[in-house]
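# Commentary on secondary and tertiary structure
Chain residues, written in single-letter form:
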Amino acid sequence: MTAIPVTIGRRPLLSPAAGGAAVPAARAGMDAFASGHAPAGDAPTGIGAPLIDTHGRVHRDLRISLTDRCSLRCTYCMPEQGNEWLARTSILTLDEIERIARLAAADGITTFRLTGGEPLLRTDIVEVVRRLAAITGPAGAPVEIAMTTNGIRLPELLPGLIEAGLNRLNISIDTLRRDRFHELTRRDRLDDVLEGIAAAAASALRPLKLNAVAMRDVNDDELVDLVEFAIAHDAQMRFIEQMPLDAGHTWDRSRMVTQDEILAALAERWTLAPVPGRGGAPAARWTLDGGPHSVGVIASVTAPFCGDCDRLRLTADGQLRNCLFSTTEYDVLPILRDGRGDEAVDAGIDGMLRSCVRGKLPGHAINDPSFLQPARGMNAIGG
Ligand code: SF4
């Protein structure tokens, strides 16, 4: 019996999933997918088998949204008053997150990226990192722990996060101007973000990445300044094309600054050269004046990269999503909480991971007239 995916709604009822049992063969086959794509044919199943979708993509990256709450109110993400927050009772516990992550790692996931809302608002964040960093993959290799944050609590938490096993950091900063920051985030907290970036720059975590959403007539006059700021902090600047993921559903393509426009603006200051070998990474990269510094652009709208996507997402309330823009979710919360036995829980979660992957579309269809923006806002999906 397979899991029944549901189109997004609030907390549907679900029938449980049953995973296959071909563990040894599946595990043995894991290395055959090093390229990120699997040869055509039936994907192996059962705990330990790689997570391959019907387009041959092998999934290695699980993004875990730890909370939908945030200390900022970015205009392109959520309304001033915030959203209808997820019920606290529906938020995954530390043990539940660890359990899902262990099964995902057994199935070939090698990177966990912690997101939100704002992940540093989670009171047990250091323990989350510690538990996940202790997980190893099928061949005993440690998983990688990355985080995307607005940086506000980093000075206080970074030493503990690094000691617990954090490997990589991405910090969001859309502007260096205080007035503009206040306008964009509806909070006067630029200094706190800058202190967070300074703390990260002073740490050993590398590569350090800074993310900015490029917006027309908002911050598109700061692109060069942001790159120079990143270089001064030994970080890589990455610009993101604004995507239709705002809670207010007000996205307007004409307000989006395209990859071509971003590169044209930067080419007035530097000589840009493409960096080959992107793999499944969201950002395409260009060296600046021959290196060593480079800049990245995540052009989901004008230059989609879905063909090599290896990402899955887990929301804070236990929904698996096979794409940032998915309108279908796979609910693992009932599996975790309806009292079934351990083996049934593990098989159920593994089965749901597989159903989620099998249901993955070839791409996001943003440029297609049939495109439907997900009901869930970015703060509740996670980057
Ligand atoms: S839009 Fe979806 S399929 Fe495409 S790269 Fe992003 S998550 Fe992957």
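Residues numbered from 1 in each chain as written. Predicted model: local features only at pLDDT ≥ 70, side-chain atom pairs only at ≥ 80, totals over all residues. Heavy atoms only, no water.

## Describing helix 7 (residues 223-232)
- Among all positions in helix 7, only Leu223, Leu226, Val227, Phe229 and Ala230 are buried. Axial view of helix 7: buried residues confined to an arc of 160 degrees, hence all on one face.
- Packed against the buried residues of helix 7 are helix 6 (190-202), strand 6 (208-214), strand 7 (235-241), helix 8 (259-266), strand 9 (284-288) and strand 10 (294-298).
- One or two steps after helix 7, the chain reaches aspartate 234, where phi turns positive at roughly 50 degrees. (Buried < 20%, exposed > 50% of the residue type's maximum accessible area, 1.4 Å probe, protein only. Helix = DSSP H or I, 4+ residues; strand = E, 2+ residues; numbered from the N terminus. Arc of directions from axis to C-beta. Contact = heavy atoms within 4.5 Å.)

## Thoughts on unusual backbone geometry
- Following glycine 116, the chain continues to glycine 117 via a peptide bond in cis, the omega torsion being 5 degrees.
- Position of glycine 117 among the secondary structure elements: in the loop between strand 3 (111-115) and helix 3 (125-133).
- Cis geometry is found at the peptide bond from glycine 291 to proline 292, where omega equals 5 degrees.
- With respect to the helices and strands, proline 292 occurs in the loop between strand 9 and strand 10.
- For aspartate 234, which is not glycine, the phi torsion reads 50 degrees and is therefore positive.
- Within the element layout of this structure, aspartate 234 appears in the loop between helix 7 and strand 7.
- Even without glycine at this site, alanine 365 takes up a positive phi of about 60 degrees.
- Position of alanine 365 among the secondary structure elements: in the segment after helix 10 (342-358).

## Comments concerning the state of the cysteines
- Going through the model one piece at a time under the given rule, you end up with zero disulfides.
- The cysteine cysteine 74 is free of any disulfide, with cysteine 70 supplying the nearest cysteine sulfur at 6.3 Å. (Disulfide = S-S within 2.5 Å.)

## Regarding the site of the ligand
- Around the ligand sit Phe305, Cys306, Cys309, Arg311, Arg313, Cys323, Leu324, Phe325, Lys360 and His364, and that is every residue in its neighbourhood.
- Residues of the shell around the ligand, tallied by class, amount to six nonpolar, one polar and three charged. (Near = heavy atom within 4 Å. Nonpolar A, V, L, I, M, F, W, Y, C, P; charged D, E, K, R; others polar.)

## Some words on the pairing of strand 6
- Where burial is concerned, most of strand 6 is hidden: seven out of the seven residues are buried.
- The side-chain alternation of strand 6 yields two buried faces, one formed by Leu208, Leu210, Ala212 and Ala214 and the other by Lys209, Asn211 and Val213.
- As paired elements, strand 5 (residues 168-172) and strand 6 share four bridges and run parallel to each other. When the sheet's bridge partners are listed, leucine 169 is paired in strand 6 with leucine 208. (Pairing = 2+ DSSP bridges.)

## Description of the side chain of glutamate 98
- Considering the arrangement of structural elements, one finds glutamate 98 in helix 2 (residues 94-106).
- Sequence-distant contacts of glutamate 98, defined by excluding residues within four places in its chain, comprise Arg131, Leu132 and Ile135.

## Remarks on the environment of leucine 66
- With respect to the element layout, leucine 66 can be found in the loop between strand 2 (61-65) and helix 2.
- Each C-alpha atom, one on leucine 66 and one on leucine 314, is 8.7 Å from the other, the two residues being 248 residues apart in sequence.
- Apart from residues no more than four positions distant in its own chain, leucine 66 is found in contact with Ile91, Ile97, Leu114, Thr115, Gly116, Pro119, Arg122, Ile125, Val128 and Ala316.

## What to know about the nonpolar core
- Phe112, Leu114, Leu132, Leu169 and Phe239 are the most contacted members of the largest nonpolar core, which totals 100 residues.
- For this core, the leading source of residues is helix 2, giving seven residues.
- Aside from chain neighbours lying at most four places away, what touches phenylalanine 239 is Ala212, Leu223, Leu226, Val227, Ile262, Leu266, Val295, Gly296, Val297 and Ile298. (Core = buried A, V, L, I, M, F, W, Y, C linked by side-chain atoms within 4.5 Å.)

## Here's the deal with the packing of helix 4 (residues 154-164) against helix 6
- The contact between helix 4 and helix 6 brings their axes to 9 Å, and the two run at 25 degrees. Judged by the angle between their axes, helix 4 and helix 6 are roughly parallel. The handedness of the crossing between helix 4 and helix 6 is right-handed. Residues Leu154, Pro155 and Leu158 of helix 4 pack against Glu195, Gly196, Ala199 and Ala200 of helix 6. (Axes fitted to C-alpha atoms, helices over the stretch in contact; angles between N-to-C directions. Parallel < 35°, antiparallel > 145°, perpendicular 65-115°, else oblique. Left-handed = near helix turned anticlockwise from the far one by under 90°.)

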